[in-house]
Amino acid sequence: MENIVPLIINGEETYPTARFQVISPHTSTGIWESSSALQEDAIAAVETAAHAFSSWSKSRVEDRRQIILKAADILEARSDECRGYMEKETGAQERFSKFNIKVSADLLREIGGGIGAALAGTIPICQEEGTQALVMKEPYGVCLGIAPWNAPYILGFRSVAYALAAGNTCILKGSETSPRCHWAIGSIFKEAGLPDGVLNVIFHRPQDAAEITNTLIEHPAVRKINFTGSTAVGSIIASSAGKNLKPVLMELGGKSSAIVCEDANIQKAAVHCALGAFLHSGQICMSTERILVHNSILESFSQELTKAVSNIFEPDPSAQAPVIAQAIGVERNKKLISDAVSKGAKLVYGHLDTTETSKYRMRPTIVGGVTKAMNLYSTESFGPSVSLIAVENDEQAIEIANDTDYGLSGAVFTENLGRGLYIAGRIESGAIHINSMSVHDEARLPHGGTKKSGWGRFNGQWGLDEFLKTKTITFQGYNP
């Protein structure tokens, strides 16, 4: 069983008869098999979590904190192992896998330190003399966390750690692209002392997605769902949750713009736009998809941008192209670029007809002259392509930045802070970063989107509050 990824149900590693092969995008070959949950496994995971809730919800804050902090230490101790899983399963480069471990450990420690304050209630003043009230915070019960593959540790840990800290029990439904990474999360929590049944980890074959997901959402014991992934799948999950009247926290797709004003530090803006667009080959929900540049600096900025992309992502042009986790991502990006070029766009960096060593590889591509008539203008590429668009003024830049169904992140580059704050305030987005790249996520800051990028917030006090409900208790006091 060493080369088969197990499920984790009630603290035990289980191996159902159904399995699927996990393909490494590095080699285009199988690296291991993964267990695939059947409907009875999904039900068992929920029932186990429901049984564990009665004791875990009453556990001491100090005990929860100790387990979560210990999990952070174990993650760091098992860093090489966990990074290896991520690099093999998702094709991540070393710098991004290291980033995942660091951010995940920081997130766990931030959660551990914030539990006590998050659970504190209030004592409001009541209108009737002699009546007093307590407003308490309580966990929901069983929470379902559905995590994606692209940042498997950051997004996997956050899908369950806030809920666990708040006293809920959890099911982590991991991605079929990165099951070993998501198994490791359950393994780390078990090693940290999390009681059996409090966290259960399952995966399934792609063809079983609807059956298993609906089984989990519809189960009466599941009280809240959180999902990180595409807007298309998020819409399906939100619909199912809505039919069952269950709250959901959604962090979905994005079409982030970086606005480069004429007074920006061009070199710095170019480096941050390159990083924002091509870090992890653009497979990040916050990735920069459009760069909106004042036309007076378009030429000089374009030169700096191509130089930055070359220096950071292709220092050796003869080396193999970066890896994309799924071949469909390469196909999608090439199709979007071809459509744009056929309608008049020009390639500022990269080549459309380059033949790579495998269907999982693609080089960074900058497309200039993108217009609304092109699919690349509005479609999330989620890959190594970015649009470069000239603008006349701030108002036009703001209009284009808001001309999208999404609203997750964005960036503004200017040496005038007041100007930057004004533009940031006008953009419909969950976050805007002035003079830094659009990819920005840290444990103390709320993270989430607007419009079709989702609703609700992960991280910090906001993330803990998402997994707590309020209860009001009134009482008549002693009145001699």
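As the structure is a computational prediction, the values presented were derived from the model and not from experiment.

S.K.: Residue-level account of the overall build of the protein chain, with values.
M.R.: Within the protein chain, the regular secondary structure consists of 15 helices and 20 strands. For 480 residues, the compact-globule estimate of 2.2 N^0.38 gives 23 Å, and the protein chain sits close to it at 24 Å. With respect to the three principal axes, the spread of C-alpha positions in the protein chain is 80 × 60 × 40 Å. Every one of the 480 residues in the protein chain was classed for burial, and the buried ones make up 57%. Pairs at least 24 residues apart make up 75% of the contacts formed inside the protein chain by residues separated by at least 6 positions. Surface exposure of the protein chain reaches about 19,700 Å², of which carbon and sulfur atoms provide 52%. One finds the centroid of the 44 positive side-chain charges in the protein chain at a distance of 1 Å from the centroid of its 52 negative side-chain charges.

S.K.: Just give me the short version of the pattern of salt bridges, but keep the residues and values in it.
M.R.: Inspection of the entire model under this criterion finds 28 salt bridges. The salt bridge partner of Arg 205 is Asp 208, with a shortest N-O separation of 2.7 Å. Asp 208 gets classed as buried once you look at its relative accessible area, which sits at 11%. Between Glu 356 and Arg 363 there is a salt bridge, and its shortest N-O distance comes to 3.0 Å.

S.K.: Which residues make up the sheet that holds strand β4 (residues 19-24), and what are the values?
M.R.: The three strands are arranged β1-β5-β4 in an open sheet whose pairing can be described as mixed. Looking at strand neighbours, the two that pair on one side only are β1 (4-5) and β4, the edges of this open sheet. Relative to strand β5 (residues 29-35), β4 is paired through six bridges, and the arrangement is antiparallel. Note that in β5 the partner of Gln 21 across the bridge is Glu 33. Across the face of the sheet, helix α3 (residues 79-90) comes into contact with β4 and β5 while running at roughly 115 degrees to β5.

S.K.: Lay out the nonpolar core with the relevant residues and their values.
M.R.: Counting residues in hydrophobic clusters, the biggest one holds 94 residues, and the most contacted among them are Tyr 153, Phe 189, Ile 202 and Ile 225. Here the element with the most residues in this core is helix α5 (residues 152-165); it accounts for 10 residues. With residues up to four places along the chain from it excluded, the contact list for Tyr 153 reads Cys 82, Tyr 85, Met 86, Asn 100, Ile 101, Ser 104, Cys 181, Ala 184 and Ile 185.

S.K.: Lay out helix α6 (residues 179-191) with the relevant residues and their values.
M.R.: With 13 residues, α6 should reach 18 Å at 1.5 Å per residue; the first-to-last C-alpha distance of 18 Å fits that figure. Burial analysis of α6 places 11 of its 13 residues in the buried class, which makes it a mostly covered element. Downstream of α6 by one or two residues, Gly 193 has phi in the positive range, about 105 degrees.

S.K.: Residue-level account of the environment of Gly 383, with values.
M.R.: Within the element layout of this structure, Gly 383 appears in the loop between α12 (375-378) and β16 (385-391). Residue class for Gly 383 comes out buried when judged on its relative accessible area of 3%. Each C-alpha atom of the pair Gly 383 and Arg 223 lies 34 Å from the other, and the pair is 160 residues apart in sequence. Among all residues touching Gly 383, those that are not within four sequence positions of it are Ala 277, Ser 281, Gly 282 and Asn 333.

S.K.: Explain the side chain of Ser 104 residue by residue, including any values.
M.R.: Take Ser 104: it is sitting in helix α4 (residues 94-119). Ignoring anything within four residues of it in the chain, the contact list for Ser 104 reads Leu 75, Tyr 153, Ile 154 and Phe 157.

S.K.: Which residues make up the pairing of strand β11 (residues 248-251), and what values go with them?
M.R.: Where burial is concerned, the two faces of β11 agree: the one with Val 248 and Met 250 and the one with Leu 249 and Glu 251 are both buried. As defined by bridge partners, strand β10 (residues 222-228) adjoins β11 across four bridges and the pair is classed as parallel. By the bridge assignment for β11, Ile 225 is matched with Val 248. Between β10 and its parallel partner β11, the chain crosses via helix α8 (residues 231-243), and the hand of that crossover is right-handed. Of the pairings in the sheet, the one linking β11 to strand β19 (residues 454-455) comprises two bridges and is antiparallel in character. Bridge pairing links Met 250 to Trp 455 in β19.

S.K.: Could you give an account of the state of the cysteines, with specific residues and numbers?
M.R.: All chains considered together, the criterion is met by zero disulfides. Among the cysteines around Cys 261, which has no disulfide bond, Cys 273 carries the closest sulfur, lying 11 Å off. There is no disulfide at Cys 285, and the cysteine sulfur nearest it, in Cys 181, is 17 Å away. Classification of Cys 285 by relative accessible area gives buried; the value is 11%.

S.K.: Please provide a residue-by-residue account of the packing of aromatic side chains, values included.
M.R.: Here the structure, examined in full by the defined rule, presents six aromatic pairs. A ring pair is formed by Phe 278 and Phe 313, whose centres lie 6.0 Å apart and whose planes are at 75 degrees; its orientation type is edge-to-face. One end of the pair, Phe 278, is in helix α9 (residues 266-278); the other, Phe 313, is in helix α10 (residues 298-313), with 35 residues separating them in the sequence. Across this residue pair, the class does not change: Phe 278 and Phe 313 are buried.

About the criteria used
Residues numbered from 1 in each chain as written. Predicted model: local features only at pLDDT ≥ 70, side-chain atom pairs only at ≥ 80, totals over all residues. Heavy atoms only, no water. Helix = DSSP H or I, 4+ residues; strand = E, 2+ residues; numbered from the N terminus. Rg over C-alpha atoms; globule rule 2.2 N^0.38 Å. Buried < 20%, exposed > 50% of the residue type's maximum accessible area, 1.4 Å probe, protein only. Contact = heavy atoms within 4.5 Å. Areas by Shrake-Rupley, 256 points an atom, 1.4 Å probe, with all protein chains shown as cover. Lys, Arg positive; Asp, Glu negative; His and termini not counted. Charge placed at Lys NZ, Arg CZ, Asp CG, Glu CD. Salt bridge = Lys/Arg side-chain N within 4 Å of Asp/Glu carboxyl O. Pairing = 2+ DSSP bridges. Axes fitted to C-alpha atoms, helices over the stretch in contact; angles between N-to-C directions. Core = buried A, V, L, I, M, F, W, Y, C linked by side-chain atoms within 4.5 Å. Expected span 1.5 Å × (residues − 1). Right-handed = clockwise from strand over helix to strand, strands pointing away. Disulfide = S-S within 2.5 Å. Phe/Tyr/Trp six-rings, centres within 6.5 Å; stacked < 30°, edge-to-face > 60°.

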